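If you want the building blocks of each chain, they are given just below.
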Amino acid sequence: DEVAGQVEAMSALGAPFGVNLFVPPRGAVDAEAFRAYAAELQPEADVYGLVLDALPVSGDDEWRAKVDLLVRRPVPVVSLTFGLPDRDDVEALRRTGSVVLATVTSTDEARAAERLGVDGLVVQGIGAGGHSAVHDPRATPDDLQTGELVRRVRRVTALPLVAAGGVDGPAAVRELLAAGAESVAVGTLLLRTEEAGTSPVHRAALAAGPASHGNSTVLTRAFTGRPARTVRNGFVDRHDATAPTGYPEVHYLTRPLRQAAARAGDAERLHLWAGTGHRSAPDGPAADVIAWLSGA
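To start, this report covers the structure provided alongside it. In this text the structure is predicted, and so the values were computed from the model without any measurement.

Cut-off values and rules
- Residues numbered from 1 in each chain as written.
- Predicted model: local features only at pLDDT ≥ 70, side-chain atom pairs only at ≥ 80, totals over all residues.
- Heavy atoms only, no water.
- Helix = DSSP H or I, 4+ residues; strand = E, 2+ residues; numbered from the N terminus.
- Rg over C-alpha atoms; globule rule 2.2 N^0.38 Å.
- Buried < 20%, exposed > 50% of the residue type's maximum accessible area, 1.4 Å probe, protein only.
- Contact = heavy atoms within 4.5 Å.
- Areas by Shrake-Rupley, 256 points an atom, 1.4 Å probe, with all protein chains shown as cover.
- Lys, Arg positive; Asp, Glu negative; His and termini not counted.
- Charge placed at Lys NZ, Arg CZ, Asp CG, Glu CD.
- Pairing = 2+ DSSP bridges.
- Right-handed = clockwise from strand over helix to strand, strands pointing away.
- Axes fitted to C-alpha atoms, helices over the stretch in contact; angles between N-to-C directions.
- 1 Å grid on protein atoms, 1.4 Å probe; cavity = no way out; pocket = protein on both sides within 12 Å on 5 of 7 lines; lining within 4 Å.
- Points joined across faces, edges and corners; volume = space filled by probe spheres on them.
- Nonpolar A, V, L, I, M, F, W, Y, C, P; charged D, E, K, R; others polar.
- Arc of directions from axis to C-beta.
- Parallel < 35°, antiparallel > 145°, perpendicular 65-115°, else oblique.

## Looking at the overall build of the protein chain
A count of helices and strands for the protein chain gives eleven helices and nine strands. Expected size for 296 residues packed as a compact globule is a radius of gyration near 19 Å; at 19 Å, the protein chain falls within 12% of this value. Along the three orthogonal principal directions, the C-alpha set of the protein chain runs to about 50 × 40 × 40 Å. When burial is assessed residue by residue, the protein chain has 48% of its 296 residues classed as buried. Of all intrachain contacts in the protein chain linking residues separated by at least 6 positions in sequence, the fraction that spans at least 24 positions is 63%. About 13600 Å² of surface is accessible on the protein chain, with carbon and sulfur atoms providing 52% of the total. Charge-centre separation for the protein chain: the mean point of 29 positive side chains lies 3 Å from the mean point of 37 negative side chains.

## Structural notes on the pairing of strand β2 (residues 77-81)
For β2, the tally of buried residues reaches four of five residues, placing the bulk of the element in the interior. In terms of strand pairing, β2 meets strand β3 (residues 99-104) through four bridges, oriented parallel. Following the sheet pairing, V78 is matched in β3 by V100. At this point the chain moves from β2, through helix α4 (residues 87-95), to the parallel β3, and the crossover so formed is right-handed.

## Here we look at the pairing of strand β6 (residues 161-164)
Burial along β6 is two-sided: L161 and A163 and V162 and A164, pointing in opposite directions, are all buried. Taken together, the four bridges between strand β4 (residues 120-124) and β6 define a ladder with parallel strand orientation. Within β6, the position partnered with L121 by the bridge is L161. Bridge count between β6 and strand β7 (residues 183-185): three bridges; the pairing is parallel. Within β7, the residue paired with V162 across the bridge is S183. With helix α7 (residues 170-179) bridging β6 and its parallel neighbour β7, the resulting β-α-β unit is right-handed.

## Section: the sheet that holds β6
Strands sit in the order β1-β2-β3-β4-β6-β7 across an open sheet of six strands; the sheet is parallel. The open sheet is flanked by β1 (18-22) and β7, the only strands paired with a single partner. Between one strand axis and the next, the sheet turns through 25° on average, direction left out of account. Both β3 and β4 contribute to a ladder of four bridges, which runs parallel. Paired with A102 across the bridge in β4 is L121.

## Quick notes on empty space enclosed by the protein
Scanning all chains against the criterion turns up one cavity of 30 Å³ or more. The space that makes up the largest cavity amounts to roughly 90 Å³. Taken together, 14 residues line the largest cavity, and the ones lying closest to its centre are Q124, G125, I126, S132 and P141. Taken together, the residues of the lining of the largest cavity break down into five nonpolar, seven polar and two charged.

## Some words on helix α6 (residues 146-156)
It helps to recall that an α-helix has 3.6 residues per turn; residues three or four apart then point in one direction. Every buried residue of α6 is listed here: T146, G147, L149, V150 and V153. Along the axis of α6, the buried positions cluster into a sector of 160°, meaning they face one direction only. Lining the buried residues of α6 we find α5 (107-116), β4, β6 and α7.

## So, unusual backbone geometry
The omega torsion across Y247 and P248 is 15°, close enough to zero to call that bond cis. Structurally, the position occupied by P248 is in the loop between α9 (234-239) and α10 (249-264). We note that D61 has phi near 60°; this positive angle belongs to a residue other than glycine. Topologically, D61 is positioned in the loop between α2 (31-46) and α3 (63-72). Positive phi outside glycine occurs at F82, with the angle close to 80°.

## Re the packing of α3 against α4
Remark: α3 packs on α4, axes separated minimally by 9 Å, with the N-to-C direction vectors making an angle of 25°. Considering their axes alone, α3 and α4 lie roughly parallel with respect to each other. Together, W63, R64, V67, L70 and V71 of α3 and D89, A92 and L93 of α4 make up the contact between the two elements. Classifying every residue of the contact of α3 with α4 gives six nonpolar, no polar and two charged.

Structural data, given as structure tokens:
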């Protein structure tokens, strides 16, 4: 219902837009590893008077309902992340006239997406902020900067490519276009703009980082059970090595703790999603950032 409302609101603006879907995970978290991790995290929750649920909560993010919605109410673009769905879903979305994009982090994933019949690829390099789109959540994404990954993917497919990850300014945009991308997507560089819904503690971390760690970033499963790039903080240092693979189970486990940390302004226990280009993220209007990146 929330997505349906957002689609209607965006449609009323009269500009092209897309809907991004999380492809449901295949397999479940290791229950014993999950319980051990929940016990490990309980002292973190004690700080806020919370009791973490040691029973894994799963789910598919209402995948079927969202696909059915987008078939009934087509949108210009549907992008997919975290893996590839069944061919029937891709074909159903394409029949409505939607352009379907799959996010990939390797040439193998690019080939698989092309075989599925998508219209284009979002090529995500290792420097991207937030969740990695790697199709196997147990795997660590290839340590390739976006430009090199785009060049490799371009050699194995003629599909249109959208380059993403680690963009820190106009020079990076030009490099990615020269590498073979048709366009460039940015996320982190918009997180400090006036229109972004970023929390005050997250904005501060993007600018300076938690006091104890500076503002370096790290790829970790500690917050959600899936590789994701965040500004390094105490939570990552304490729990990265023991975090199990398991999305969305670990996401649901840590969500109350992360919400409490956000309310308290606690940068040491909050996920602070950020790409490697976050030091260049400016404040001000989002339109100014886009104009800067495009050389307008």
